[in-house]
Amino acid sequence: MNSDGKMRLGAFFNPTGHHVASWRHARAQADAGINFQHYVEIARTAERAKFDMVFFADNVCVREANMEALSRSAQYIANFEPLTLLSALAPMTSHIGLVATASTSYNEPFHVARKFASIDHISGGRAGWNLVTSGQEAEAKNFGREKHYAHGERYERAREFAEIVTGLWDSWDDDAFVRNKETGQFFHPEKLHPLNHKGENFSVRGPLNVPRTPQGRPVIVQAGGSEDMIKVAAEFAEVIFCAPLSLDNAKTFYAELKGRVASYGRDPDQVKIMPGLSCIIGRTAAEAEEQAAHLQSLIHPMVAREILSMVMGYADLSRYALDDPMPLDLPQSNMSQSTFRFVMDMARKENLTIKETALRVAGARGKAVVKGSPTQIADQMEEWFRGAGCDGFNLMPPFLPGGLDDFVELVLPELRRRGLFRTEYEGRTLREHLGLVRPPSRYAVPVVKAAAKPASERSRASG
Ligand SMILES: Cc1cc2nc3c(=O)[nH]c(=O)nc-3n(C[C@H](O)[C@H](O)[C@H](O)COP(=O)(O)O)c2cc1C
């Protein structure tokens, strides 16, 4: 829980919303993926509501799936490249953090460092990079590979990638540039630091050709939950996007990760853990049930089966009937390890059939879904927050813009009434919103405070 006792909230925008059938909802923008005005409106709604950040996920592919099912879903099929979108949204907003995904498996560290540094300058210090290693085999096939990197291998690459990017962000000292037209001196040579990285997977000379950013470094976010992910996150991440499905899962992950952060000599309060949370809100519990039933009724059975198969690492469920019990012996795939584990736990604990599991997962692709009245939703969020399950949430509106409007209108006032969420921004940068310090450059000469002179010497000095 944050030292100021307030939740941190991200607005995780999947164009039409996170429910798999969101695009069919009357209050959803079906062409959202390529409708820039839609993004401006939802980003401004989140900013007016004082959210910490908006977040745009990304896959560098159209996933491989049964075409019948694929042609009936709108998620990650056709939408803007997220960094292009962030830089377009920067001038349309003034305070809200701008976070997007860039994969360490299918990008170059120099490009990622340069793009997020540029967005941090353009936005006045609001950029955040969601570091992922990609989870889809189809992504590998767009970058000259037949097979995706193995789980462990891609996280080792990610560790080196993060080391390079943070090193490049420290290329220039804050006061490197003098731009003195009289003397003709543009920058202080001693304040420029080439990286000269030579590693297992990358060699990058640097320096970066973008000055040190308003935040010092854009905020590093990381999504995931496996052991491999935790190793990288404990060393580099400042915000964690995860997907526990129960408070027990959340508390275990929270304690584990904060402990690992401390083992790197870092302050655990400088890492914010924000589980994904999709809220189906009604003015009453009954109305919320109706909303949820309506959304579920929009799901085409083939889409539900396809999404479950994808979340379970493209497990072949075709030989089972939908009403068969969820098979609990599916092999762990090379894709997501934590989501696979959380969904298996849920199916085992609740004895779910394949159909029941598919319909649960379809709500937010394996992330937590809560439904109820504003008080009931606030109760569950407060329980996780006060129960050491999280430092806030990455809100996943089930349909957009309607689901976000409901949360802002109905749930936020309740969270504020309980003193759990801000009423005004604390500052201008994403770091100030999150309560994260501005990191010093690794080359910064630590200012050695003159040791306090002993009293006798001071009196002598003052004569
Ligand atoms: C809230 C959230 C957002 C995510 N966003 C992305 C994304 O934008 N792109 C992506 O490839 N994976 C994304 N992932 C998936 C993770 O990167 C990761 O592959 C997955 O959580 C499994 O991680 P693990 O194998 O370390 O457990 C996201 C996961 C979560 C929980």
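Whatever comes next refers back to the structure up there.
Let me sum up the structure you'll find in this document. As the structure is a prediction and not an experimental result, all values here were calculated from the model.

### Here we look at the environment of Ala127
And step 1. Checked against the element boundaries, Ala127 lands in strand E4 (residues 127-132).
And step 2. Given a relative accessible area of 0%, Ala127 falls into the buried group.
And step 3. Separated by 11 residues in the primary sequence, Ala127 and Phe116 have C-alpha atoms spaced 6.4 Å apart.
And step 4. Beyond its immediate sequence surroundings of up to four residues, Ala127 is in contact with Leu98, Phe116, Ile119, Asp120, Gln215, Pro218, Val219 and Leu430.

### Some points on the layout of surface pockets
And step 1. In this structure, the largest pocket spans a volume of roughly 660 Å³.
And step 2. Looking at the lining of the largest pocket, its residues break down into 18 nonpolar, eight polar and seven charged.

### Focus on the packing of aromatic side chains
And step 1. In the structure shown here, the tally under the stated rule is 18 aromatic pairs.
And step 2. Ring plane angle 65° and centroid distance 6.3 Å describe the contact between Phe51 and Phe421, whose orientation is recorded as edge-to-face. In this pair, Phe51 is assigned in the loop between helix H1 (36-48) and strand E2 (53-56) and Phe421 in the loop between helix H14 (402-417) and helix H15 (430-434), connecting sequence segments 370 residues apart.
And step 3. By relative accessible area, which is 2% here, Phe421 ends up buried.
And step 4. Within the aromatic cluster, the residues linked to one another by ring pairs are Phe116, Trp129, Phe161, Trp169 and Phe202.
And step 5. Geometry around Tyr149 places Arg145 over its ring, the cationic atom sitting 3.6 Å from the centre.
And step 6. In this structure, Arg341 packs its charged tip against the face of Phe342, placed 5.3 Å from the ring centre.

Cut-off values and rules
Residues numbered from 1 in each chain as written. Predicted model: local features only at pLDDT ≥ 70, side-chain atom pairs only at ≥ 80, totals over all residues. Heavy atoms only, no water. Helix = DSSP H or I, 4+ residues; strand = E, 2+ residues; numbered from the N terminus. Buried < 20%, exposed > 50% of the residue type's maximum accessible area, 1.4 Å probe, protein only. Contact = heavy atoms within 4.5 Å. 1 Å grid on protein atoms, 1.4 Å probe; cavity = no way out; pocket = protein on both sides within 12 Å on 5 of 7 lines; lining within 4 Å. Points joined across faces, edges and corners; volume = space filled by probe spheres on them. Nonpolar A, V, L, I, M, F, W, Y, C, P; charged D, E, K, R; others polar. Phe/Tyr/Trp six-rings, centres within 6.5 Å; stacked < 30°, edge-to-face > 60°. Lys NZ or Arg CZ within 6 Å of the ring centre and 35° of its normal.

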